[in-house]
Amino acid sequence: QVQLVESGGGLVQPGGSLRLSCAASGSIFSIQTMGWYRQAPGKQRELVATITSGGTTNDADSAKGRFTISRDNAKNTVYLQMNSLKPEDTAIYYCNADLIARGSHYSYRYWGQGTQVTVSS
């Protein structure tokens, strides 16, 4: 059984910052890419940023210059530092991990349950 649990969401004023965390736990053999996606009301889920096990990152245009993705491989945890937040960043933020569970030969994408981020004055 593998679980991804996000934390760190909440209400913040425009221009403020939040740091999201997502910890993977359970019967894990290895984790490849981890990432953050978001879904605003009435919109499709979209990529925010991804990071490989080696630290290579890929940021959406909306995240560049404001958001930073990082990870701690020893803790199976990925972070998203969000600065200069805007009302249009309001969404449910989901983390995911492409990982191989113990006893499996295949990589599978697991998702967290999501954490709400609201940017409003």
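Above this text you will find the structure in question.
Because the structure is predicted, anything quoted here is derived from the model rather than measured. (Residues numbered from 1 in each chain as written. Predicted model: local features only at pLDDT ≥ 70, side-chain atom pairs only at ≥ 80, totals over all residues. Heavy atoms only, no water.)

As summarised here, the arrangement of the four strands in space is β1-β3-β8-β7, forming an open sheet in which the pairing is antiparallel. The strands lining the two open edges of the sheet, one partner per strand, are β1 (2–7) and β7 (67–72). Going from strand to strand, the sheet's axes swing by 15° on average, the running direction of each strand aside. Bridge count between strand β3 (residues 18–26) and strand β8 (residues 77–82): six bridges; the pairing is antiparallel. Within β8, the residue paired with C22 across the bridge is V78. (Pairing = 2+ DSSP bridges. Helix = DSSP H or I, 4+ residues; strand = E, 2+ residues; numbered from the N terminus. Axes fitted to C-alpha atoms, helices over the stretch in contact; angles between N-to-C directions.)

The backbone phi angle of N76 is positive, close to 50°, even though this residue is not glycine. Tracing the backbone shows N76 in the loop between β7 and β8. One non-glycine residue, S84, lies in positive phi territory at about 50°. On the secondary structure map, S84 appears in the loop between β8 and β9 (91–101).

On to the packing of aromatic side chains. Both the distance between ring centres and the angle between the ring planes are used here to describe each pair of aromatic rings. Following the criterion strictly, the structure yields two aromatic pairs and no others. Judged by centre distance (5.2 Å) and plane angle (65°), the rings of Y37 and W111 are edge-to-face. With Y37 in strand β4 (residues 28–39) and W111 in strand β10 (residues 107–111), this pair connects stretches of sequence that are 74 residues apart. On the basis of relative accessible area, Y37 is assigned to the buried category, the value being 17%. Classification of W111 as partly exposed rests on a relative accessible area of 34%. Seen from their ring centres, Y108 and Y110 are 5.0 Å apart, and the 80° between their planes marks the pair as edge-to-face. The aromatic ring of Y79 is capped on one face by R19, whose charged end is 4.1 Å from the ring centroid. The lysine or arginine in question, R45, covers the ring of W111, its NZ or CZ lying 4.7 Å from the ring centre. (Phe/Tyr/Trp six-rings, centres within 6.5 Å; stacked < 30°, edge-to-face > 60°. Buried < 20%, exposed > 50% of the residue type's maximum accessible area, 1.4 Å probe, protein only. Lys NZ or Arg CZ within 6 Å of the ring centre and 35° of its normal.)

Okay, the state of the cysteines next. The final tally for this structure, using the stated rule, is one disulfide. Through a disulfide, C22 is tied to C95; the S-S separation comes to 1.9 Å. Taking the sign of the S-S torsion, 40° for the link of C22 and C95, the bridge is right-handed. Residue C22 is located in strand β3, and its partner C95 is located in strand β9; the two are separated by 73 residues in the primary sequence. (Disulfide = S-S within 2.5 Å.)

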